[in-house]
Amino acid sequence: MNIVLLGAPGAGKGTQAAKLVERFGLCHISTGDILRAAVRDQTELGKKAKGYMDAGDLVPDDLIIDLMKERIQQPDTEAGVILDGFPRTTTQAVALDTMLASLDRPLNAALLIDVDPEVIVKRLTSRRMCKACGYIGTAEDGAVCPKCGGEMYQRDDDNETTVRNRLDVYATSTAPLTDYYRGKDLLVTIDGDRDSEVVFEDVKKKLNL
Ligand code: AMP
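Computed from a predicted structure; not experimentally measured.

### Focus on the overall build of the chain
Argument step 1. Scanning the chain from N- to C-terminus turns up nine helices and eight strands.
Argument step 2. Computed over the C-alpha atoms, the radius of gyration of the chain is 16 Å, within 12% of the 17 Å expected from 2.2 N^0.38 for a compact globule of 209 residues.
Argument step 3. Projecting the C-alpha coordinates of the chain onto the three principal axes gives extents of approximately 45 × 40 × 35 Å.
Argument step 4. The proportion of buried residues among the 209 residues of the chain is 46%.
Argument step 5. At a minimum sequence separation of 6, the contacts of the chain that also span at least 24 residues come to 70%.
Argument step 6. Seen as two clouds, the 27 positive and the 34 negative side-chain charges of the chain have centres 2 Å apart.

Structure representation (structure tokens):
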């Protein structure tokens, strides 16, 4: 099963992806995670991407498409992938179709996790992540990860100014993808403004899992 996760930043894509991975053993590919690792390790890609990411803008399509072409051919993707944060533009969606066709893998669904933008601003400015295991929590978790004891931190781009820009970028560049996937009869919409477990139950039901 190959799934694209759509939704604004902070809609809960990473949280739902983690649940799908845990339950169904799919391979989670998050372009944001790959880019953050590249920035941390100061690779060529990381150096090119950093400025865009700090501002909340999209990294250019050619860089992202090249990185996905390479990643989607790794052996761990054969059991199925959950794409989180890719595609984010129509150009990327068309490139993904070509990649999947060349690997002879179908896309089963584009899952839109729908959340009101003002809810997102509140969520993202209080979001905290674990440096060690990637757990996604809130400021209420404090400095220590409740899952693994690792150090919790706030992403550089989770400040209000950057969050609002990321939401604008989402509305302009990424939201049109819902029409793209609706046209292919692949769009599945989920109300993401609920407890993550309730959302996950709905995800499983709507995907017949
Ligand atoms: P995310 O973790 O998905 O919110 O991504 C964090 C940042 O990485 C975004 O604000 C963009 O700057 C960049 N990014 C991640 N995925 C993509 C993508 N598919 N296309 C362009 N930029 C991306």
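### Here we look at the site of the ligand
Argument step 1. Lining the immediate environment of the ligand, one finds 16 residues, of which T31, R36, D57, G85 and Q92 sit closest.
Argument step 2. Within the contact set of the ligand, an oxygen atom lies 2.6 Å away from a backbone nitrogen or oxygen of D57.
Argument step 3. For the ligand, an oxygen atom lies 3.4 Å from a polar atom in the side chain of R166.
Argument step 4. Computed on the free molecule, the ligand has an accessible area of 480 Å², of which 96% lies beneath the protein chains in the complex.
Argument step 5. When residues of the shell around the ligand are assigned to their parent elements, the largest contribution, four residues, is made by helix α2 (residues 31-40).

### Digging into the pairing of strand β3 (residues 81-84)
Argument step 1. Of the two faces of β3, the one lined by V81 and L83 and the one lined by I82 and D84 are each fully buried.
Argument step 2. Across three bridges, strand β1 (residues 3-6) lies against β3 in parallel orientation. Bridge pairing links L5 to D84 in β3.
Argument step 3. Note: strand β2 (residues 27-30) against β3, four bridges, orientation parallel. What sits directly across from I29, in β3, is L83.

### Focus: the environment of A110
Argument step 1. With respect to the helices and strands, A110 occurs in strand β4 (residues 109-114).
Argument step 2. A110 sits in the buried class, given a relative accessible area of 0%.
Argument step 3. Between the C-alpha atom of A110 and that of T178, which follows or precedes it by 68 residues, the distance is 8.2 Å.
Argument step 4. Ignoring anything within four residues of it in the chain, the contact list for A110 reads V4, L6, Y181, L186, L187 and V188.

### Here we look at the pattern of salt bridges
Oppositely charged side chains may form a pair once their charged atoms are brought near each other.
Argument step 1. Throughout the structure, instances matching the rule amount to 19 salt bridges.
Argument step 2. Note that D158 and R127 form a salt bridge whose closest N and O atoms lie 3.0 Å from each other. Here R127 lies in strand β5 (residues 127-130) and D158 lies in the loop between β7 (152-153) and α7 (160-174), a separation of 31 residues in the sequence.
Argument step 3. In this structure, D158 engages R166 in a salt bridge whose closest nitrogen and oxygen atoms are separated by 2.9 Å. R166 matches D158 in its accessibility class, with the two residues each being buried.
Argument step 4. By sharing partners, the salt bridges in this structure join R127, R155, D157, D158 and R166 into a single network.

### Quick look at the sheet that holds strand β6 (residues 136-138)
Argument step 1. Strand order in the open sheet formed by three strands is β6-β5-β7, and the pairing between neighbours is antiparallel. The open sheet has two free edges, formed respectively by β6 and β7, since each of these has just one partner strand.
Argument step 2. Sheet topology places β5 next to β6; three bridges connect them, and they run antiparallel. Within β6, the position partnered with R128 by the bridge is G137.

### Re the packing of helix α1 (residues 13-24) against helix α9 (residues 196-206)
Argument step 1. Relative to each other, α1 and α9 sit at 60°, their axes nearing to 10 Å. The angle between the axes of α1 and α9 places the two elements in the oblique class. Along this stretch, α1 crosses α9, giving a crossing that reads as right-handed. Where α1 abuts α9, its residues T15, Q16, K19, L20, R23 and F24 lie against S196, E197, V199, F200, V203 and K204.
Argument step 2. Within the contact of α1 with α9, the residues separate by chemical class into five nonpolar, three polar and four charged.

The rules behind each value
Residues numbered from 1 in each chain as written. Predicted model: local features only at pLDDT ≥ 70, side-chain atom pairs only at ≥ 80, totals over all residues. Heavy atoms only, no water. Helix = DSSP H or I, 4+ residues; strand = E, 2+ residues; numbered from the N terminus. Rg over C-alpha atoms; globule rule 2.2 N^0.38 Å. Buried < 20%, exposed > 50% of the residue type's maximum accessible area, 1.4 Å probe, protein only. Contact = heavy atoms within 4.5 Å. Lys, Arg positive; Asp, Glu negative; His and termini not counted. Charge placed at Lys NZ, Arg CZ, Asp CG, Glu CD. Near = heavy atom within 4 Å. Polar contact = N/O pair within 3.5 Å; in protein donor to acceptor, adjacent residues only side chain to side chain. Areas by Shrake-Rupley, 256 points an atom, 1.4 Å probe, with all protein chains shown as cover. Pairing = 2+ DSSP bridges. Salt bridge = Lys/Arg side-chain N within 4 Å of Asp/Glu carboxyl O. Axes fitted to C-alpha atoms, helices over the stretch in contact; angles between N-to-C directions. Parallel < 35°, antiparallel > 145°, perpendicular 65-115°, else oblique. Left-handed = near helix turned anticlockwise from the far one by under 90°. Nonpolar A, V, L, I, M, F, W, Y, C, P; charged D, E, K, R; others polar.

That is the geometry; function is a separate question.
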